[in-house]
Amino acid sequence: VMCFKGMELHYEDIIALCESSPETVVILDHFGFAAVDNQEQFQMVLDLAKYNVIVKISALFRLNDEYPYDRVQKERFDKLLEVYGAERLMFGTDFPFVMDQDFGYKGAVELVRSWTAGDENVTNAV
């Protein structure tokens, strides 16, 4: 699900889908578009953890933070890892748009890998 214009526009529909079809896996793209300056949207993403939802760890540059995305790591990734677990996080780069960033594809991969604190199980799961 691409919540490009805000999680609040899709939240009730996502819940309805999850409750009416619990076997359906819902994938929220780009951290659910919950920018670091919007805690209310992020809380909605966290609340969806009780359903069959996976969150894509992608498009770091779309979350109102600057490279090396310390706030995204501390305020979004770490909390998602805690609440969802590594098995329900899915890494992505937002290719080809990541190529417009100074760090590029390889830099995005290396950065998110660094967030897993050397835990090979977490790195492989994400």
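As a reminder, the structure under discussion sits directly above these lines.
Scope of this entry: the structure provided in the associated data block. Fair warning: this is a prediction, and the values are worked out from it, not measured in the lab.

In this section: helix H1 (residues 11–20). Three or more residues of H1 are buried, namely Tyr11, Ile14, Ile15 and Cys18. Looking down the long axis of H1, one finds its buried residues gathered within 100 degrees of arc, a one-sided arrangement. Facing away from the buried side of H1 by over 90 degrees, the exposed positions are Glu12, Asp13 and Ser20. Buried residues along H1 sit against strand S1 (26–28), helix H2 (39–47) and strand S2 (53–57).

Turning next to the pattern of salt bridges. A complete count under the given rule lists 5 salt bridges for this structure. Between Lys56 and Asp29 there is a salt bridge, and its shortest N-O distance comes to 3.1 Å. With a gap of 27 residues between them, Lys56 in strand S2 and Asp29 in the loop between S1 and H2 connect regions that are remote in the sequence. When its relative accessible area of 12% is taken as the criterion, Asp29 is described as buried. Lys79 is the salt-bridge partner of Glu82, the closest N and O atoms lying 3.5 Å from each other. Placement of the pair is Glu82 and Lys79 together in helix H3 (residues 70–84), with a separation of 3 residues, close to one helical turn. Classification of Glu82 as exposed rests on a relative accessible area of 60%.

Conventions adopted
Residues numbered from 1 in each chain as written. Predicted model: local features only at pLDDT ≥ 70, side-chain atom pairs only at ≥ 80, totals over all residues. Heavy atoms only, no water. Buried < 20%, exposed > 50% of the residue type's maximum accessible area, 1.4 Å probe, protein only. Helix = DSSP H or I, 4+ residues; strand = E, 2+ residues; numbered from the N terminus. Arc of directions from axis to C-beta. Contact = heavy atoms within 4.5 Å. Salt bridge = Lys/Arg side-chain N within 4 Å of Asp/Glu carboxyl O.

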